[in-house]
Amino acid sequence: KAVTGKMPILYSGIAFVMYQLGGAQKLAGAGVKLWVARYHGTDKIDPCSGNLNIGKFKRWTAWQFDCSNKIDGISVNVDKNWLAGGEQGLLDLMAG
């Protein structure tokens, strides 16, 4: 944040946040946003509302939900991600 003026985004899977970062209480409390990798199941993540149940993180900013997508012209698999709030969410993220 000192360099860009923006809060960082943590990219992580659920297990790492819970068991290696202890629920990330300090990070979530400081306003760090979460880009969560979760390919199977929605028991901890609500894809419609953006709500989340991972330690102290209660909302996701981005959700990587697939890593085997195909796109014409790209020979390897690519990721699929959702950004909370759609286009407005992207504008808010860039602004703040």
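Note that the structure is predicted; figures quoted are calculated from it, not measured. (Residues numbered from 1 in each chain as written. Predicted model: local features only at pLDDT ≥ 70, side-chain atom pairs only at ≥ 80, totals over all residues. Heavy atoms only, no water.)

Colleague: Would you take a moment to explain the nonpolar core for this structure?
Modeller: Note that soluble globular proteins tend to have their nonpolar side chains buried in a common cluster. Core analysis: the biggest nonpolar cluster contains 12 residues, these being L10, I14, V17, A24, V32, L34, V36, L52, I54, F57, W60 and W63. Elements represented by at least two residues in this core include exactly α1 (14-20), β2 (33-37) and β3 (51-54). For V32, the residues in contact, after removing those within four places along its chain, are M7, P8, L10, L27 and F57. (Core = buried A, V, L, I, M, F, W, Y, C linked by side-chain atoms within 4.5 Å. Buried < 20%, exposed > 50% of the residue type's maximum accessible area, 1.4 Å probe, protein only. Helix = DSSP H or I, 4+ residues; strand = E, 2+ residues; numbered from the N terminus. Contact = heavy atoms within 4.5 Å.)

Colleague: It is not clear to me how the confidence of the model for the protein chain should be interpreted in this structure. Could you clarify?
Modeller: Segments scoring low in pLDDT should not have their predicted coordinates read at a detailed level. On average, the protein chain scores 81 in pLDDT, and the residues at 70 or more come to 88%. The least confident element of the protein chain is β3, whose mean pLDDT is 72; the most confident is strand β6 (residues 78-83), at 90. (pLDDT = per-residue confidence, 0-100.)

Colleague: What exactly am I supposed to notice about the side chain of N69 here?
Modeller: Among the secondary structure elements, N69 is positioned in strand β5 (residues 62-69). Residues within four places of N69 in sequence aside, it is in contact with V76, N77, V78 and K80.

Colleague: Looking at this structure, I do not really get the pairing of β5. What am I missing?
Modeller: Note that β2 and β5 share 3 bridges and pair parallel. When the sheet's bridge partners are listed, A37 is paired in β5 with Q64. One ladder, built from 5 bridges, connects β5 with β6; its direction is antiparallel. Bridge pairing in β6 links Q64 to N81. (Pairing = 2+ DSSP bridges.)

Colleague: Where do I start with a nonpolar patch on the surface in this structure?
Modeller: Together, I9, Y11, W35 and Y39 make up an exposed nonpolar region whose accessible area comes to about 370 Å². With respect to the helices and strands, the residue Y39 is situated in the loop between β2 and β3. Looking at Y39, the relative accessible area reads 34%, which means it is partly exposed. (Patch = residues over 30% accessible without salt bridge, like charges linked within 9 Å, V, L, I, M, F, W, Y side chains within 5 Å. Areas by Shrake-Rupley, 256 points an atom, 1.4 Å probe, with all protein chains shown as cover. Salt bridge = Lys/Arg side-chain N within 4 Å of Asp/Glu carboxyl O.)

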